[in-house]
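Structure assessment
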Amino acid sequence: MSYTATWADQKLNANEINKLNEDGLDVFKDLPELVKKPFSEIDKSYYMYFKYAGLTVQKPQDEGYFMMRIKIPGGRVTVKQADHLAWIGRTYGHGVVDLTTRQAVQYHWIPFAELVDIFAGIEAVGLTTVGAEGDITRNIIDNPLSGIDPDELFDTRQTVLDVYRRFQGNYDYSNLPRKFKISISSNRHNSGNAEINDLAFIPATKRIGRHTVKGFNVKVGGGLGMKPMLAQQLNIFVTPDRVADLAEVVCRLFRDYGYRRSRSKARLKFLIKDWGVEQFEDKIRESLPDLQTKGVSKVKGWTNGTALGVHRQLQDGYYYVGVSVPSGRIQADDFQALIDVARKYGKDEIRFDHCQNLMIPWIKEEDLPALEAEPIFERFSIHPHLLADYGTTCTGAEYCNLANAYTKTVFKPLVEELDKRFSFDSPLNITLTGCGNGCAHRSIADIGIEGVHARTADRQHTAGYKLSVGGSLLDGGHFNEQLKGVVSAAQLTDAVGSLLADYRDSHEKGESFYDYYQRTGTEHFQEVFDNYLATLPATEVLK
């Protein structure tokens with residue numbers, strides 16, 4: 001560590017006080033001795049350190065099992081690495097692999113006593129859990145199609161690796177006020193979801209002298225959670241070779257000036273809100289005075305970071321196949337079957353997108369009929385058209401200590417029934433998150449569902465769900481608006497169905513759900529929802 005903790009004499013929360021005594025990355029030094037003890041002997045104050053190893057203590061917290069997340073910069077793995085990911089699911093994860101919204105994978109039921117051996121196996125195939133959670137730089141996300149994308153300004157794969165290597169295992173940046181999320185993408189349709197990241201690099205060009213140079217404009221201060229905020233643009237343009245330098249300066253400012261008194265206000269977005277982007281940019285330029293002013297943005301749409309279906313690659317004669325994984329949960333054996341397809345037809349690569357799906361690139365055109373005939377595609381769609389293909393969920397109350405309600409077990413029957421009732425010409429995104437932290441990106445969904453604590457008519461505690469409408473990251477972004485009223489899991493299908501039926505019956509030809517929301521407004525959807533709630537018997541109304 002080569003910096004001074006200038007915040008050491010401030011009023012700090014308990015986590016910050018502990019981090020002054022031991023760095024989060026030191027968990028790997030502690031683990032060989034820790035696992036010799038029964039998990040019951042581990043003090044709960046130590047649980048925060050497990051996060052730096054990509055681990056969250058799974059509920060019930062006294063049984064010694066973890067949710068484990070693996071860091072996969074840019075969401076790209078080799079077939080050999082993917083084989084090991086499937087093996088972990090079969091061996092430890094009760095036969096399940098969960099895909100995340102940051103191009104990574106996670107598991108449940110990882111046993112405390114086996115951690116050292118599990119980590120050794122992960123490292124042996126060139127992967128890591130280091131910094132997959134905790135107050136540190138998280139998995140750096142990329143355009144899922146980088147390097148093979150006909151609609152990208154340039155290949156960003158090396159830039160992502162440069163930034164990843166700048167921070168990975170670096171004790172200078174392992175004690176941040178909270179998590180720090182970076183997005184890098186040159187796709188013209190904002191496939192990196194720039195506005196919901198702490199630091200985002202988006203495609204742009206800049207006239208410098210006689211030349212038009214390709215690079216990035218920069219946004220800072222985005223994030224979801226209980227108080228979602230959209231990232232704001234800096235007056236800065238950088239070329240790919242300067243991205244790691246700028247990312248380091250932004251991270252350093254967050255480390256030294258970010259708030260450490262209350263964890264609820266410790267993300268970079270709160271510092272940006274208080275300082276303003278101009279003051280924050282001035283601080284950046286103190287370290288990098290030669291930075292160019294912003295260029296011409298090349299962003300022209302928003303894909304939500306999905307890469308579904310069968311499409312031509314940039315390279316002649318090759319296709320990529322985006323596979324829908326409803327709810328982001330896949331059986332390890334099914335995952336292995338898809339890996340074997342990649343081994344048979346592709347070029348040693350599997351990729352993950354930002355909506356809990358996976359992709360197999362480098363399929364020769366002449367191999368497409370044989371690939372599509374593979375038995376695994378009888379269960380997993382490569383021709384997405386259903387609500388289930390575009391939905392995302394978080395872990396939910398099944399394992400998460402923060403969740404108010406179940407998600408994955410609720411979402412699957414929900415979207416399956418809705419897909420029986422409705423069919424739409426353009427993709428429509430429904431998400432289900434178990435609490436207000438928004439891990440399933442509820443705030444940017446067409447229809448977002450959030451688990452909440454509720455009461456029945458006779459005042460009994462129960463899980464409830466609130467609905468929000470109108471989210472998008474088009475044109476800088478718009479968070480969806482929450483409707484008044486709460487429903488039970490049993491009522492969700494009809495409740496969401498009432499909103500979808502209104503859209504189906506009243507939207508104009510070619511009008512997306514978001515466009516329809518923009519035309520009709522929140523009050524219109526509240527009226528539709530109120531009409532549904534009015535049909536419920538008084539004994540079934542939740543508060």
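A short tour of the structure in this document, coming up. (Residues numbered from 1 in each chain as written. Predicted model: local features only at pLDDT ≥ 70, side-chain atom pairs only at ≥ 80, totals over all residues. Heavy atoms only, no water.)

Let us now look at the pairing of strand 12 (residues 309-312). Across 4 bridges, strand 12 lies against strand 13 (residues 318-323) in antiparallel orientation. Bridge pairing links histidine 311 to tyrosine 320 in strand 13. (Pairing = 2+ DSSP bridges. Helix = DSSP H or I, 4+ residues; strand = E, 2+ residues; numbered from the N terminus.)

This next bit is on the sheet that holds strand 20 (residues 461-469). Spatially, 5 strands are ordered 17-18-19-20-21 in an open sheet, and the strand pairing comes out mixed. The two strands at the open ends of the sheet, each matched to only one other strand, are strand 17 (392-393) and strand 21 (481-482). Bridge count between strand 18 (residues 430-433) and strand 19 (residues 447-455): 4 bridges; the pairing is parallel. Note that in strand 19 the partner of isoleucine 430 across the bridge is isoleucine 447. Where helix 13 (residues 408-421) meets the sheet, its contacts fall on strand 17, strand 18, strand 19 and strand 20, and the angle it forms with strand 18 comes to roughly 160°. (Contact = heavy atoms within 4.5 Å. Axes fitted to C-alpha atoms, helices over the stretch in contact; angles between N-to-C directions.)

Applying the stated rule across the entire model yields 30 aromatic pairs. With centroids separated by 6.4 Å and ring planes inclined at 35°, the aromatic side chains of phenylalanine 39 and phenylalanine 50 adopt a geometry described as tilted. In this pair, phenylalanine 39 is assigned in the loop between helix 2 (27-34) and helix 3 (47-52) and phenylalanine 50 in helix 3, connecting sequence segments 11 residues apart. Accessibility assignment for this pair places phenylalanine 39 and phenylalanine 50 in one class, buried. Plain terms: the ring middles of tyrosine 65 and tryptophan 109 are 5.2 Å apart, the flat faces sit at 70° to each other, and that makes the pair edge-to-face. Linking tyrosine 65 in strand 2 (residues 65-70) with tryptophan 109 in strand 5 (residues 105-111), this pair joins segments that are 44 residues apart in sequence. In this structure tyrosine 65 comes out as partly exposed when scored by relative accessible area, which is 30%. A relative accessible area of 21% places tryptophan 109 in the partly exposed class. (Phe/Tyr/Trp six-rings, centres within 6.5 Å; stacked < 30°, edge-to-face > 60°. Buried < 20%, exposed > 50% of the residue type's maximum accessible area, 1.4 Å probe, protein only.)

A word on the sheet that holds strand 5. The strand order across the open sheet formed by 5 strands is 1-2-5-4-14, and the pairing between neighbours is antiparallel. Of all strands in the sheet, those with a lone pairing partner are strand 1 (55-57) and strand 14 (329-331), marking the two edges. Averaged over neighbouring strand pairs, the angle between their axes works out to 30° when direction is ignored. As defined by bridge partners, strand 4 (residues 96-99) adjoins strand 5 across 2 bridges and the pair is classed as antiparallel. Its bridge partner being in strand 5, aspartate 98 is matched across the sheet by glutamine 106. Against the sheet, helix 4 (residues 79-91) touches strand 2, strand 4 and strand 5, its axis set at about 35° to strand 5. Against the sheet, helix 5 (residues 115-124) contacts strand 1, strand 2 and strand 5, and its axis sits at roughly 15° relative to strand 2.

Moving on, we come to the pairing of strand 5. Here strand 5 lies mainly inside the structure; 6 of its 7 residues are buried. With antiparallel pairing between neighbouring strands as the criterion, strand 4 and strand 5 make up a hairpin whose turn holds 5 residues, including glutamine 103 at a positive phi of roughly 60°.

By size, the foremost hydrophobic cluster in this structure holds 64 residues, and its most contacted members are Phe50, Met68, Ile70, Leu85, Phe335 and Phe352. It is helix 10 (residues 332-345) that contributes the most residues to this core, 7 residues altogether. Excluding residues within four positions of it along the chain, methionine 68 makes contact with Gly54, Leu55, Ile88, Val105, Gln106, Tyr107, Ile110, Ile118, Phe119, Ile122 and Thr129. Residues Val160, Ile236, Val249 and Ile284 belong to the second largest nonpolar core, which totals 38 residues. (Core = buried A, V, L, I, M, F, W, Y, C linked by side-chain atoms within 4.5 Å.)

This next bit is on the pattern of salt bridges. Inspection of the entire model under this criterion finds 34 salt bridges. Put simply, lysine 29 and aspartate 26 hold a salt bridge, and the shortest N to O gap is 3.4 Å. Overall, the relative accessible area of 60% leaves lysine 29 in the exposed class. For aspartate 26, a relative accessible area of 14% puts it in the buried group. For arginine 76, the salt bridge is made with aspartate 142, and the minimal N-O distance between the two is 3.0 Å. Here arginine 76, found in strand 3 (residues 76-77), pairs with aspartate 142, found in strand 6 (residues 141-142); they are 66 residues apart in sequence, far enough to count as distant. (Salt bridge = Lys/Arg side-chain N within 4 Å of Asp/Glu carboxyl O.)

Packing of helix 8 (residues 268-275) against helix 9 (residues 277-287) brings their axes to within 6 Å, and their N-to-C directions diverge by 105°. Taken as axis vectors, helix 8 and helix 9 run roughly perpendicular relative to one another. Contacts between helix 8 and helix 9 involve Leu268, Leu271, Ile272 and Trp275 from the former and Val277, Gln279, Phe280 and Lys283 from the latter. Of the residues belonging to the contact of helix 8 with helix 9, the class tally is 6 nonpolar, 1 polar and 1 charged. (Parallel < 35°, antiparallel > 145°, perpendicular 65-115°, else oblique. Nonpolar A, V, L, I, M, F, W, Y, C, P; charged D, E, K, R; others polar.)

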